[in-house]
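# Structure assessment
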Amino acid sequence: MPKIKIEGKYPLCGAIKINGSKNAALPILAATLLSDEVCHIDNVPPITDIFNMQNLLLETGKHSDFQKETFLTEASGELSPFASYQFTNRLRASFLVAGPLLAKTGFARVSYPGGCPIGARPVDLHLKGFEKLGACIHTENGYISLKAEKLRGNKIYLDFPSVGATENLMMAATLAKGTTVIENAAAEPEITDLANFLNNMGANVDGAGSDTVTIRGVEKLSGCSYSVIPDRIEAGTYLIAAAATGGKVTVTNVIPEHLNPVIAKLRETNVHVTVKGSSVTVEGKSSYKAIDIKTMPHPGFPTDLQAQFCAYLSGAKGTSVITETIFENRFMHIGELKRLGAKIVTEGRTAVIEGPSKLNGAQVIAGDLRGSAALVIAGMMAEGTTVLEDGGHLFRGYHRMVENLQELGAHIELLEQ
Ligand code: EPZ
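Now for a look at the structure at hand. Just so you know, these numbers come straight off a predicted model, no measurement behind them. (Residues numbered from 1 in each chain as written. Predicted model: local features only at pLDDT ≥ 70, side-chain atom pairs only at ≥ 80, totals over all residues. Heavy atoms only, no water.)

### Side note on the site of the ligand
Near the ligand lie 22 residues; those nearest to it are D124, S162, D304, I326 and R370. One of the side-chain N or O atoms of D304 is found 2.5 Å from an oxygen atom in the ligand. Side-chain polar atom of R370 to an oxygen atom of the ligand: 2.7 Å apart, as the coordinates give it. Contributing elements (two or more residues each) for the shell around the ligand: α1 (22-31), α5 (124-132), α6 (163-173) and α12 (369-381). Among the elements that take part in the shell around the ligand, α5 stands out by supplying 3 residues, more than any other. Counted by class, the shell around the ligand contains 10 nonpolar, 5 polar and 7 charged residues. Each of domain 1 (3-18 + 231-415) and domain 2 (22-215) gives at least three residues to the shell around the ligand. (Near = heavy atom within 4 Å. Polar contact = N/O pair within 3.5 Å; in protein donor to acceptor, adjacent residues only side chain to side chain. Helix = DSSP H or I, 4+ residues; strand = E, 2+ residues; numbered from the N terminus. Nonpolar A, V, L, I, M, F, W, Y, C, P; charged D, E, K, R; others polar. Domains from an automatic or database assignment.)

### Description of the sheet that holds strand β7 (residues 107-111)
Read from one edge of the open sheet, 4 strands run β6-β7-β9-β8, paired in mixed fashion. Whereas interior strands pair on both sides, the edge strands pair on one side only; in this sheet they are β6 (82-83) and β8 (136-140). Pairing of β8 with strand β9 (residues 143-147) involves 5 bridges; the strand directions are antiparallel. Each bridged residue has a counterpart across the sheet, and for T139 the counterpart in β9 is I144. (Pairing = 2+ DSSP bridges.)

### Some points on the packing of aromatic side chains
By the definition in use, this model includes 7 aromatic pairs. Ring centres of F197 and Y226 lie 5.6 Å apart, and the angle between their planes is 75°; this geometry places the pair in the edge-to-face category. One end of the pair, F197, is in helix α7 (residues 189-200); the other, Y226, is in strand β14 (residues 225-227), and 29 residues separate them in sequence. A single burial state applies to F197 and to Y226, both of which are buried. (Phe/Tyr/Trp six-rings, centres within 6.5 Å; stacked < 30°, edge-to-face > 60°. Buried < 20%, exposed > 50% of the residue type's maximum accessible area, 1.4 Å probe, protein only.)

### Digging into the sheet that holds strand β15 (residues 248-252)
Taken in spatial order, the 4 strands line up as β2-β15-β17-β16 in an open sheet, and their pairing is mixed. The two strands at the open ends of the sheet, each matched to only one other strand, are β2 (13-17) and β16 (272-276). In this sheet, adjacent strand axes meet at a mean angle of 15° when their direction is disregarded. As defined by bridge partners, β15 adjoins strand β17 (residues 279-283) across 4 bridges and the pair is classed as antiparallel. The residue of β17 that forms the bridge with K248 is E283. The strands touched by helix α8 (residues 232-244) are β2, β15 and β17; relative to β15, the strand with the most contacts, the crossing angle is about 170°. Set on the sheet, helix α9 (residues 260-268) makes contact with β16 and β17; between it and β16 the angle comes to about 145°. (Axes fitted to C-alpha atoms, helices over the stretch in contact; angles between N-to-C directions. Contact = heavy atoms within 4.5 Å.)

### Thoughts on the nonpolar core
Grouped together as the largest cluster of nonpolar side chains are 71 residues, with contacts concentrated most on M53, V97, F130, M170 and L198. Residue contributions to this core peak at 7 residues, all from α1. Each residue touching M170, except ones within four places of it in the same chain, is listed here: I182, I191, L194, A195, L198, V205, V213 and I215. Listed in part, the 69 residues of the second largest apolar core include V273, F309, I377 and L408. (Core = buried A, V, L, I, M, F, W, Y, C linked by side-chain atoms within 4.5 Å.)

### Concerning the packing of helix α4 (residues 98-105) against α6
Interhelical geometry of α4 versus α6 gives an angle of 15° and a closest axis separation of 7 Å. Between α4 and α6, the angle is such that the two are roughly parallel. Of the two possible hands of crossing, α4 and α6 adopt the one that is right-handed. Packed against α4, whose contacting residues are A98, G99, P100 and A103, the element α6 presents N168, M171 and A172 at the interface. (Parallel < 35°, antiparallel > 145°, perpendicular 65-115°, else oblique. Left-handed = near helix turned anticlockwise from the far one by under 90°.)

### Some thoughts on helix α2 (residues 48-59)
If you check α2, its first and last C-alpha atoms are 17 Å apart, about what 12 residues at 1.5 Å a residue would give, namely 16 Å. Contact partners of the buried residues in α2: α1, β4 (64-67), β5 (70-73), β6, α3 (85-88) and α13 (394-397). At the C-terminal side of α2, G61 shows a positive phi close to 100°. (Expected span 1.5 Å × (residues − 1).)

### A word on the pattern of salt bridges
Inspection of the entire model under this criterion finds 13 salt bridges. As a salt-bridge pair, K3 and E389 come within 3.2 Å of each other at their nearest N and O atoms. Residue K3 is located in the segment before β1 (4-7), and its partner E389 is located in the loop between β23 (385-388) and α13; the two are separated by 386 residues in the primary sequence. K3 sits in the partly exposed class, given a relative accessible area of 23%. For E190, the salt bridge goes to R232, with nearest N and O atoms at 2.8 Å. On the criterion of sequence distance, the pair formed by E190 in helix α7 and R232 in helix α8 is long-range, its members being 42 residues apart. Across this residue pair, the class does not change: E190 and R232 are buried. The network of salt bridges with shared partners includes K22, D49 and R396. (Salt bridge = Lys/Arg side-chain N within 4 Å of Asp/Glu carboxyl O.)

Note that all results are geometric; they support no functional claim without further evidence.
Put into structure tokens, the structure is as follows:
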């Protein structure tokens, strides 16, 4: 695992162009399995999770070329509907190949997914939905087998608006016979992006971005050209980092509405945020206010920015309360923030932060992607040297983060690769 060394107390200043969204690109790449034809996808971030998905697609017989930010799939023959542990254990989103493989070939055998250890992360909602579409499910030796000669449209109510389940079922339903209605669907921007991609392929998906998505099955999907939306979580991470270091940073190439919750919460802490076209600028302050945050499904505050905001709030004046409602184990960064001197008490899914704390550099370890980003932010806030021991998690979700932060004035370097 590479280490990342940070000398704190240098404010970030400048502009940074945001990459394509990881969490939009991953389901879109899985959806290419639904067509035998060539798909040309731009604005795909060159990060580890995408390379892992590319390898997984290759295992199923879907060849592709990934240069710069363009992902080009080749026309495919018969697919091999298997996803082995070797690839699925690295990536939660690996399970998103289940729906497309099932719809396209009538069968899928997929190993239980891995990914960030932020909770139990079962796939029961995906499976309940596949059953509603007529699939028979069998689990054995860590593998889930799904079978249905032809899926049939149905009404599916999700007990929770799961992002992955909504995506998997939407993809499966595109080639089902008849109409599928997903109720209590997730409404994240990445769901809308996937629906737009599927519709470009010739699917008939309606209502994405609301809590009811309707999919009218079609016979066949074709290839298409598409560009992935900007990454709202990458953008939010840099905005929070700028505020946390008392700097001034503009993120460009963003869709500001996707950043509404983080902009609202930054403003609530009393820092200045301006929106202009497809750019957002934050100007930090040496003293800012404590606030409360509760993570929620979209359009609520995203769980993927909770850890970064937690680091920021350790420097806020007063008591902040963070409630994590999406994942049951997403406070792993807090123990490490405390090593740096943050005053945080957790009870269940609630963290109470007393600030402002004077952070001091230390050796830290994160264990997950967004927790790593939080520790980088805390390292930049702290006096002295911080070493993030397992920095490799960052590369799963952030393209060139160390270089970008250097360009913005951070004293940060990658020690081992
Ligand atoms: C997606 O994960 C994202 N990953 C996550 O991003 C993000 O944190 C999450 O959505 C919530 O926004 C990708 O898009 C690749 P869920 P996903 O299904 O689809 C429970 C990041 O850092 N649940 O909406 O796995 C589950 O355990 C990451 O980029 C079930 O109980 O999230 C969790 O508590 C990490 N049964 C909640 O629902 C199921 O069958 C939300 O999960 C499915 C989910």
